[in-house]
Amino acid sequence: MMHGAKSKSDFSMPDLNLKGEIRMRKIGIGVVGAGSIGIRGALMHLSLPDVQDRIHLAAVCDPAPGRAQAAAERFHVDRAYESYEELLKDDGVDIVTLGSPIGIHYEQGLQAIRAGKHVHFNKTMTVTSEEATHLIEEAKRFMVKIVASPGQMLRPIHRRLREMAINGEFGVIAWAATGAGFGAYHENEKCRQGDDPLGNINPAWYWKKPGGGPLYDMTVYGLHALTGILGPAKRVTSFSGLAIKEREFKGERVECDADDNTMILLDFGNNLFAFVYGAAVGSLTPFGTANIYGTEGSYSNGLFNGEPVQYPGREIAEASGRGDVALLPHVKGEHQKMEEAHIFEDIMQLVDWVAKDIPSIVSAEHARHVIEIFEAAYRSAQTGMTQTLSTLFPLL
Ligand SMILES: NC(=O)c1ccc[n+]([C@@H]2O[C@H](COP(=O)([O-])OP(=O)(O)OC[C@H]3O[C@@H](n4cnc5c(N)ncnc54)[C@H](O)[C@@H]3O)[C@@H](O)[C@H]2O)c1
């Protein structure tokens, strides 16, 4: 066991409190970044009563003056830090969930792993596949666990579509499509419009390298679904560029340098191709999923041959207004009514893995394959050459 990483038994063994009463040891969560997703995906969900038997909010950190303190007060977090290094020194933190900008996930992930903390990465885990490989290797070396969002293959609809693809219900699958349009999205989020430390969160990093642009932030959802259903892709070719050169947040002009307009072709082998886009505007496919076209059946805009896909709990999912996200294993009660419940689910996947030794399918290897596709797409656009992919991931 290295650098303070706690074993399974540390969490499953009873502990004595000061009065000598027996209690179960709870997993301490450190929330890194109290921005849009740190608040809506982590703190709002993890402060609800139903999970307090398993976890406690040990610490929050954010370098923006006053933000961590304000978040700690609002969500009853034990300790607030402006420095990430201080949070990593906190022995009460067992798991960190990274809600910081994508461009610093690799560095922060590496530091956390080496400090013996288990890590939940908001998407994407890293910007390059080499960085992802390094984190996977270091996590093994330091005996800590990684869950890398987005857990699109936890969703019952995607599990069912994969089953249908394996069973031949699509016939011969010829092509597929997925992607997302950027639009004016993050600058208009409600949680950024205030003027207090918690409500004045600048989204400019979304428009800059490294880690900015719609691929890493939005296309990533649908591409996790597509590759989860069809398996890893083999080759990539693309065009990519910057359509909107300047954006604005609260009257401040920001020069953009991350591509916001990328059109990708994927080759899955056996003459099965896919079109994948991360565009400055517009959308061809529903967010977070894929259209799949086969000789016997097509899944298009949420319907298979024009009919809803049958999966266990579909009626409950539809009645919830949240779709099949409401069927995720930890998304019960209040969580079903709240935004960003899928992120809460991914964090709880890591909690279960650490506490009960239940490995999660929201794997770092799957995240790495999607990241390799993005990286290869940018390289293909720069060189005009088709790129061959090398990473694989375990299928369900
Ligand atoms: N906003 C969304 O709709 C959304 C949805 C799902 C996932 N995500 C993902 O969540 C992550 C964060 O996105 P966001 O929209 O919350 O960003 P954000 O800009 O709203 O918040 C990021 C926060 O991180 C803080 N930060 C900056 N440097 C830091 C450091 N060194 N250490 C700790 N904190 C630091 C910033 O001060 C800010 O408060 C990204 O991976 C993003 O892809 C965002």
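Residues numbered from 1 in each chain as written. Predicted model: local features only at pLDDT ≥ 70, side-chain atom pairs only at ≥ 80, totals over all residues. Heavy atoms only, no water.

Colleague: What is the right way to read the overall build of the protein chain from this model?
Modeller: Helix and strand counts for the protein chain stand at 11 helices and 18 strands. In summary, the protein chain has a C-alpha radius of gyration of 21 Å against a globular reference of 21 Å for 396 residues, a match within 12%. Overall, the C-alpha framework of the protein chain stretches about 70 × 50 × 45 Å when taken along its three principal axes. A buried classification covers 56% of the 396 residues belonging to the protein chain. A separation threshold of at least 6 residues defines the contact pool for the protein chain, and within that pool the share at least 24 residues apart is 67%. (Helix = DSSP H or I, 4+ residues; strand = E, 2+ residues; numbered from the N terminus. Rg over C-alpha atoms; globule rule 2.2 N^0.38 Å. Buried < 20%, exposed > 50% of the residue type's maximum accessible area, 1.4 Å probe, protein only. Contact = heavy atoms within 4.5 Å.)

Colleague: Any chance you could explain the pattern of salt bridges here in plain terms?
Modeller: Side-chain pairs of opposite charge can arise whenever the charged atoms involved come near each other. This model, assessed by the stated rule, comprises 21 salt bridges. Of the charged contacts, one joins Lys89 and Glu86 as a salt bridge, the two residues approaching to 3.3 Å between their closest N and O atoms. Highlighted residues: Lys89 and Glu86, both in helix H4 (residues 84-89), separated by 3 residues, approximately one helical turn. When the shortest N-O distance is used, the salt bridge between Arg253 and Glu248 registers 2.8 Å. Looking at Arg253, the relative accessible area reads 47%, which means it is partly exposed. Taken together, the shared-partner salt bridges in this structure form one network comprising Arg40, Glu189, Arg192, Glu339 and Glu340. (Salt bridge = Lys/Arg side-chain N within 4 Å of Asp/Glu carboxyl O.)

Colleague: Would you mind showing me how to read the nonpolar core here?
Modeller: Across soluble globular proteins, nonpolar side chains have a tendency to be buried as a group. Counting 39 residues, the largest nonpolar core has Leu226 and Leu266 as its most contacted members. Going through the elements one at a time, helix H7 (156-167), strand E9 (173-181), helix H8 (214-230), strand E13 (261-267), strand E14 (273-279) and helix H11 (364-383) are the ones with two or more residues in this core. Ranked by residue count, the leading element in this core is H8, at 8 residues. Sequence-distant contacts of Leu266, that is, excluding residues within four places in its chain, are made with Leu223, Ala233, Arg235, Val236, Leu272, Phe273, Ala274, Val276 and Ile373. Counting 36 residues, the second largest nonpolar core, distinct from the first, contains Ala71, Phe75, Val351 and Trp353. (Core = buried A, V, L, I, M, F, W, Y, C linked by side-chain atoms within 4.5 Å.)

Colleague: It is not clear to me how the site of the ligand should be interpreted in this structure. Could you clarify?
Modeller: Taken together, 32 residues lie near the ligand, and Ile37, Asp62, Arg67, Lys123 and Tyr206 sit nearest. Here an oxygen atom of the ligand and a side-chain polar atom of Asp217 are 3.2 Å apart. Secondary-structure elements contributing two or more residues to the shell around the ligand are helix H2 (36-46), helix H5 (105-114) and H8. Considering every element that reaches the shell around the ligand, the biggest residue donor is H2, with 3 residues. Residue classes in the shell around the ligand are distributed as 14 nonpolar, 10 polar and 8 charged. Taken together, domain 1 (8-148) and domain 2 (152-331 + 363-388) each give at least three residues to the shell around the ligand, which thus spans both. (Near = heavy atom within 4 Å. Polar contact = N/O pair within 3.5 Å; in protein donor to acceptor, adjacent residues only side chain to side chain. Nonpolar A, V, L, I, M, F, W, Y, C, P; charged D, E, K, R; others polar. Domains from an automatic or database assignment.)

Colleague: It is not clear to me how the layout of surface pockets should be interpreted in this structure. Could you clarify?
Modeller: Of the voids in this model, the second largest pocket is the one considered here, and its volume is about 310 Å³. In terms of lining, the second largest pocket is formed by 14 residues, of which the most central are Lys209, Tyr216, Tyr378, Arg379 and Gln382. At 5 residues, H11 tops the list of elements feeding residues into the lining of the second largest pocket. Class assignment of the residues belonging to the lining of the second largest pocket gives a composition of 6 nonpolar, 4 polar and 4 charged. (1 Å grid on protein atoms, 1.4 Å probe; cavity = no way out; pocket = protein on both sides within 12 Å on 5 of 7 lines; lining within 4 Å. Points joined across faces, edges and corners; volume = space filled by probe spheres on them.)

Colleague: Explain empty space enclosed by the protein here, please?
Modeller: Using a probe with the size of a water molecule, rolled over the atoms, empty space left in the structure can be pinpointed. The final tally for this structure, using the stated rule, is 3 cavities of 30 Å³ or more. There is about 40 Å³ of room inside the largest cavity. Lining the largest cavity, in full, are Pro150, Gly151, Gln152, Met153, His224, Ile361, Val362, Ser363 and His366.

Colleague: Any chance you could explain the side chain of Arg368 here in plain terms?
Modeller: Structurally, Arg368 can be placed in helix H11. Buried charge without a salt bridge: Arg368, with Glu365 as the nearest opposite-charge side chain at an N-O distance of 5.3 Å. Look past the residues within four positions of Arg368 in its chain and what remains in contact with it is Met125, Ser129, Ala132, Thr133, Ile136, Thr391 and Leu392. (Lys, Arg positive; Asp, Glu negative; His and termini not counted.)

Colleague: When you look at the domain arrangement of the protein chain in this model, what are you seeing that I'm missing?
Modeller: For interface size, the figure often reported is the accessible area lost on association. Along its sequence, the protein chain is carved into domain 1 (8-148) and domain 2 (152-331 + 363-388). For domain 1 and domain 2, the distance between their C-alpha centroids amounts to 26 Å. Residue-level contacts link 27 residues of domain 1 with 23 residues of domain 2. Of the roughly 2100 Å² buried between domain 1 and domain 2, counting both surfaces, carbon and sulfur atoms make up 67%. On the domain 1 side of the interface with domain 2, the three residues burying the most area are Arg67, Lys123 and Val127, jointly 25% of the side's total. Scanning the region where domain 1 abuts domain 2 turns up 2 salt bridges. A salt bridge links Glu189 to Arg40; its shortest N-O distance comes to 3.1 Å. At the surface where domain 1 touches domain 2, the tally comes to 8 residue pairs in polar contact (both at pLDDT 80 or more). At the level of elements, H2, helix H3 (67-75), helix H6 (129-141) and strand E8 (146-148) are the ones that each hand at least two residues to the side of domain 1 that touches domain 2. Looking at side-chain class alone, the side of domain 1 that touches domain 2 contains 13 nonpolar, 9 polar and 5 charged residues. (Buried area = accessible area lost by both parts, 1.4 Å probe.)

Colleague: What should I look at first to understand the packing of aromatic side chains in this one?
Modeller: Describing an aromatic ring pair means giving the distance of the ring centres and the angle of the ring planes. Going through the model one piece at a time under the given rule, you end up with 7 aromatic pairs. Ring plane angle 85 degrees and centroid distance 5.2 Å describe the contact between Phe170 and Phe304, whose orientation is recorded as edge-to-face. Of the two residues, Phe170 sits in the loop between H7 and E9 while Phe304 sits in strand E17 (residues 303-304), which places them 134 residues apart along the sequence. Owing to a relative accessible area of 14%, Phe304 belongs among the buried residues under this scheme. With 5.2 Å between their ring centres and 55 degrees between their planes, Tyr221 and Phe287 make a pair best called tilted. One end of the pair, Tyr221, is in helix H8; the other, Phe287, is in the loop between E14 and strand E15 (291-294), with 66 residues separating them in the sequence. Classification of Tyr221 by relative accessible area gives buried; the value is 8%. (Phe/Tyr/Trp six-rings, centres within 6.5 Å; stacked < 30°, edge-to-face > 60°.)

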